[in-house]
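# Overview (structure and organization)
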Amino acid sequence: MSRTTCILVCAALAPCVWAQDAGIGDPAFPTLGNRGYLAGHYALKLTFDPSTDAMDADVTMSGVATSRLSEISLDFTGFTIRSVTLNGHPVKFRRSIGKLYVKTGLGSGEKFTLETCYSGKPVQTQSAALPAGMKSGWIPYLGGAVAACEPDLAHTWFPCNDHPLDKATFDFQLTTPRPNVAIANGKRVQSTGTNYRFSLDKPTLTCMATAVFGQFTAVSGPSAQGVPITSYVAKGVSQAARDRLKLLPKYMKILTDRLGPYPFDTYGAVLLPTALAQSNELMAGSALETTTLPLFGPFTEAAPAILIHELSHQWMGNCVSVTHWGDDIWWVEGFAQYAEWLLVESEHGREAYENEVASAYSQATAQTHWLKPGHLPTEDLFSMRSYIGGALTFHALRRTVGDVQFNQILRQFVEKHRYGNASAKDWIAISSQIAKRDMSPFFNAWLYGDKNPPLPR
Ligand code: TRP
Ligand code: ZN
C-alpha cells in the first residue's frame, strides 16, 4: 500500500499509526502539527546574545498523548540539539526537514514532559503564506531580535506542535546582557538582574508567542477597562508614535462594548526600532497581534487604525482561534479590518463609516473575481480576500440582522469559543440562532459565492 493510500485509509480508521507523520490535518500546511498529543504548556528558557545573534535554549513542553505513541514528532527547524529528555530521562531523537522525532512508548492518555536543549543562530524563513522575499519567524536586527511567526513559523525558534488546534500556556525565562532587555507575552513576574520572566496563563497559539530582545523602555499607561497596560518603546521611536499609545484605553472601550471583556490579564504594544527596517522588509511595515503584546514595525507609526486592528485580534484570533487557516482567516483578519471601520464610525460618525465600506466594496468589485473569503489558498491567507472580503461580510451581517443582533452574535461567538477554536459553521449556527432564521444562504453568498453579493445599506 502506498503511503498516500495509507493516509486516506487511516483517516477513516483513527487512531492511526501514521498520525505522527501526517500533520494535524490542515490543508494549508499539510505537514504542520501532530494529532497524537496535545501540548498544554511550554516553558521557554532562552539566552540571547545580540553580538552574535546566537541563542541558547532549554524548552520544556508539557502535554498529554491522545493516542498510543511509539514516537512523537514536534515541528522544529534549525539549531544544534544537545539533548532531549522525556519525563526526565534522556531519549533518542532524530530529525528530518521541519520535524524532531523522539522515541516515546507513551500510552493514550499519558501525560509527559519533553525537554529539548539546543543552541545556534536561528534563521529567518519564508512562509508559504507571505509574499515571496518577505521573511519572518525569528527576526534578528542590529542590537536585538524579535519572533514574528504567524502563521507557520513558531517552530523556527522553539520545538512545538505548531498549529492553532493545539493551544497552550507559556512561561518565559529570558536572559540577555545589558543595556538590552527581554520581553515576552503575558504578565511580568519577578525578574532579577539580566533575567526576565513572563507568564501567560491563558492558552494561545504557538505562532502568537513572542520574545523580544533589544533596548526598550517600559511605559505603563493608565489601565483600560481594568486591564493593566505596559507598552515597550524602542530607543529612537518618535514621540508621535509613543503618544498614540494613549489611545489604547479608548479602543479597549470600543471593543469591550462589542465583544465582551478583554480575554487576557495584561496588554501592551511593542514599538520596534527603526534598525529593524534594514534587516526585515516585512516587519518594517507591518504589525502582528502576538498575544497580549502586539508588535508594531517602525513604518506603522502605531497609527490609530493599526492599533485597534491588533487589539481586536486579542479576541478574534488569539482568544478564539482558527480551526483551519484557509477556512477561518476571513473572520480573524476580516473582523480586525472591520474594527478599523468601527473606529471610523466611533470617531467620525455613520457617514464616514459608510464611506469606508463603500470604497472597500468598490475595491472588491473592481477585481475580476469576487473575493470569496471563505476558503483561501495558503498564499492568499493575508490578502485582500481575507481582510476586505471578511470585513465586508461583517458589515453585511450587521445590516442584515440589525445592530442589536449583530452585537449579540459577536459576544456569543467569543463567549462560546473562548480559548478554543471556531469555524465558519459556528458563525452560521450562532447567527441563525440569534436571527431566528437560517443564515446559511447569507454566509454562502458572502463567503463562497462566485458573484459579488449586493451590499446591504
Ligand atoms: N496578522 C497580521 C495582521 O495583523 C499580518 C501578518 C501575518 C504578519 N503574518 C505576519 C505581520 C508576520 C508580521 C509578521 O494583519
Ligand atoms: Zn490582522
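Residues numbered from 1 in each chain as written. Chains lettered and ligands numbered in written order. Predicted model: local features only at pLDDT ≥ 70, side-chain atom pairs only at ≥ 80, totals over all residues. Heavy atoms only, no water.

## Things to note about the site of ligand 1
Rules: For this description, a residue counts as near a given molecule or strand if any of its non-hydrogen atoms is within 4 Å of it. In protein, a polar contact means a hydrogen-donor-capable atom and an acceptor-capable atom, both N or O and within 3.5 Å, with residues adjacent in sequence counting only if both atoms are side-chain atoms; elsewhere, any N or O pair within 3.5 Å suffices. To measure how exposed things are, a 1.4 Å probe is used in the Shrake-Rupley method; for residues, cover is taken only from the protein chains shown.
Around ligand 1 there are 14 residues in total, and Glu150, Glu289, Glu310, Glu333 and Tyr387 lie nearest to it. Within the side chain of Glu289, an N or O atom sits 2.8 Å from a nitrogen atom of ligand 1. Measuring from an oxygen atom of ligand 1, one finds a side-chain N or O atom of His309 at 3.2 Å. Burial of ligand 1 by the protein amounts to 94% of the accessible area it has alone, namely 370 Å².

## Looking at the pairing of strand 12 (residues 168–175)
Applicable threshold: By the convention used here, strands pair only if DSSP detects at least 2 bridges between them. Here a strand is any run of E in DSSP of at least two residues, a helix any run of H or I of at least four, and the numbering for each starts at the N terminus.
As judged from the 7 bridges shared by strand 1 (residues 37–49) and strand 12, these two strands associate in the parallel manner. Looking at strand 12, one finds that Ala43 is bridged to Asp171. Relative to strand 15 (residues 195–204), strand 12 runs antiparallel, the two sharing 7 bridges. Directly across from Ala168, in strand 15, lies its bridge partner Thr204.

## Considerations on the sheet that holds strand 6 (residues 93–96)
Worth spelling out the cut-off: Axes, fitted as lines to C-alpha atoms, cover a helix only where it is in contact. Angles between the N-to-C directions of the axes lie from 0 to 180 degrees.
Read from one edge of the open sheet, 3 strands run 3-7-6, paired in antiparallel fashion. If you trace the sheet from one side to the other, it starts and ends with strand 3 (69–75) and strand 6, each paired once. Neighbour-to-neighbour, the strand axes of this sheet turn through a mean angle of 30°, independent of strand direction. The pairing of strand 6 with strand 7 (residues 99–106) spans 4 bridges and is classified as antiparallel. Each residue of the ladder has a partner; that of Phe93, found in strand 7, is Val102.

## Let's talk about helix 12 (residues 424–435)
As a reminder, the rule being used: In this analysis, the expected span of each helix is defined as 1.5 Å times one less than the number of residues it contains. Burial here depends on accessible area, computed with a 1.4 Å probe over protein chains only, as a share of the maximum for the residue type. Under 20% is buried, over 50% is exposed, and the range in between is partly exposed. Should any heavy atoms of two residues lie within 4.5 Å, those residues are counted as being in contact.
End to end, helix 12 covers 16 Å across 12 residues, agreeing with the expected 16 Å (1.5 Å per residue, within 8%). Most of helix 12 is tucked away: 9 of the 12 residues are buried. For helix 12, the complete set of buried residues consists of Ala424, Asp426, Trp427, Ile428, Ile430, Ser431, Ser432, Ile434 and Ala435. The elements touched by buried residues of helix 12 are helix 8 (325–348), helix 10 (384–401), helix 11 (403–417), strand 23 (421–422) and helix 13 (440–448). In the stretch just after helix 12, Lys436 is the one whose phi turns positive, near 55°.

## A closer look at the coordination of the zinc ion (ligand 2)
This is how it is decided: Any nitrogen, oxygen or sulfur atom within 2.8 Å of a metal ion counts as a donor, with the limit raised to 3.2 Å for Na, K and Ca, and since water is left out, coordination shells can look unfinished.
Donor atoms from the polypeptide that coordinate the zinc ion (ligand 2) comprise His309 (NE2), His313 (NE2) and Glu333 (OE), at 1.9 to 2.0 Å from the metal. Mapping the donors of the zinc ion (ligand 2) onto the primary sequence gives the spacing H-x3-H-x19-E. With His313 in the loop between helix 7 (304–312) and strand 22 (321–322) and Glu333 in helix 8, this residue pair connects regions lying 20 residues apart in the sequence. By relative accessible area, His313 is classed as buried at 0%. A relative accessible area of 2% means that Glu333 is categorised as buried.

## Focus: the environment of Asp171
Within the element layout of this structure, Asp171 appears in strand 12. For the pair Asp171 and Leu200, spaced 29 residues apart in the sequence, the C-alpha separation amounts to 6.3 Å. Filtering out sequence-adjacent residues up to four positions away, Asp171 remains in contact with His41, Tyr42, Ala43, Leu44, Phe198 and Ser199.

## Notes on unusual backbone geometry
A cis amide bond links Glu150 to the next residue, Pro151, at an omega of 5°. When you line up the elements, Pro151 lands in the loop between strand 11 (144–148) and strand 12. Residue Pro179 is bonded to the preceding Arg178 through a cis peptide linkage, with omega at 5°. One can find Pro179 in the loop between strand 12 and strand 13 (181–184).

## A short note on the sheet that holds strand 19 (residues 270–271)
By definition, the strands of a sheet pair up through backbone hydrogen bonds, in either a parallel or an antiparallel sense. Taken in spatial order, the 5 strands line up as 17-18-19-21-20 in an open sheet, and their pairing is mixed. A single partner strand is all that each edge strand has here, and the edge strands are strand 17 (216–220) and strand 20 (287–288). Pairing between strand 17 and strand 18 (residues 230–234): 5 bridges, direction antiparallel. Bridge pairing links Ala218 to Tyr232 in strand 18.

## Some thoughts on the environment of Tyr387
The topology assignment puts Tyr387 in helix 10. What makes Tyr387 partly exposed here is its relative accessible area of 22%. Residues contacting Tyr387, with those up to four places away along its chain left out, are His309, Glu333, Gly334, Gln337 and Phe382.

## Details of helix 7
Here helix 7 lies mainly inside the structure; 7 of its 9 residues are buried. Tucked into the core, helix 7 has its buried residues touching helix 3 (239–244), helix 4 (248–259), strand 20, strand 21 (295–296), helix 8 and helix 10.

## Re the side chain of Thr393
Its place among the elements puts Thr393 in helix 10. We classify Thr393 as buried; its relative accessible area is 1%. A polar side-chain atom of Thr393 sits 2.7 Å from the main-chain carbonyl oxygen of Gly389. Leave out the neighbours within four places in its chain, and Thr393 touches Trp330, Pro373, Phe442, Phe443, Trp446 and Leu447.

## So, the confidence of the model for the protein chain
Rule in force here: Note: pLDDT gives the predictor's confidence per residue, expressed from 0 to 100.
For the protein chain, the mean per-residue pLDDT works out to 94, and 95% of the residues sit at or above 70. Here residues 1–20 scores under 50 on pLDDT; set against residues more than four positions off or in separate chains, the count is 13 contacts.

## Digging into the pattern of salt bridges
Side-chain pairs of opposite charge can arise whenever the charged atoms involved come near each other. Which entries qualify depends on this criterion: Within this document, salt bridges are pairs made up of a side-chain nitrogen of Lys or Arg and a carboxyl oxygen of Asp or Glu, the two lying within 4 Å of each other.
Tallied over the full model, the rule gives 16 salt bridges. As a salt-bridge pair, Glu71 and Arg94 come within 3.0 Å of each other at their nearest N and O atoms. Here the residue Glu71 occupies a position in strand 3, and Arg94 occupies one in strand 6, the gap between them amounting to 23 residues. A single network of salt bridges, built from pairs that share partners, joins Arg350, Glu354, Arg399 and Arg457.

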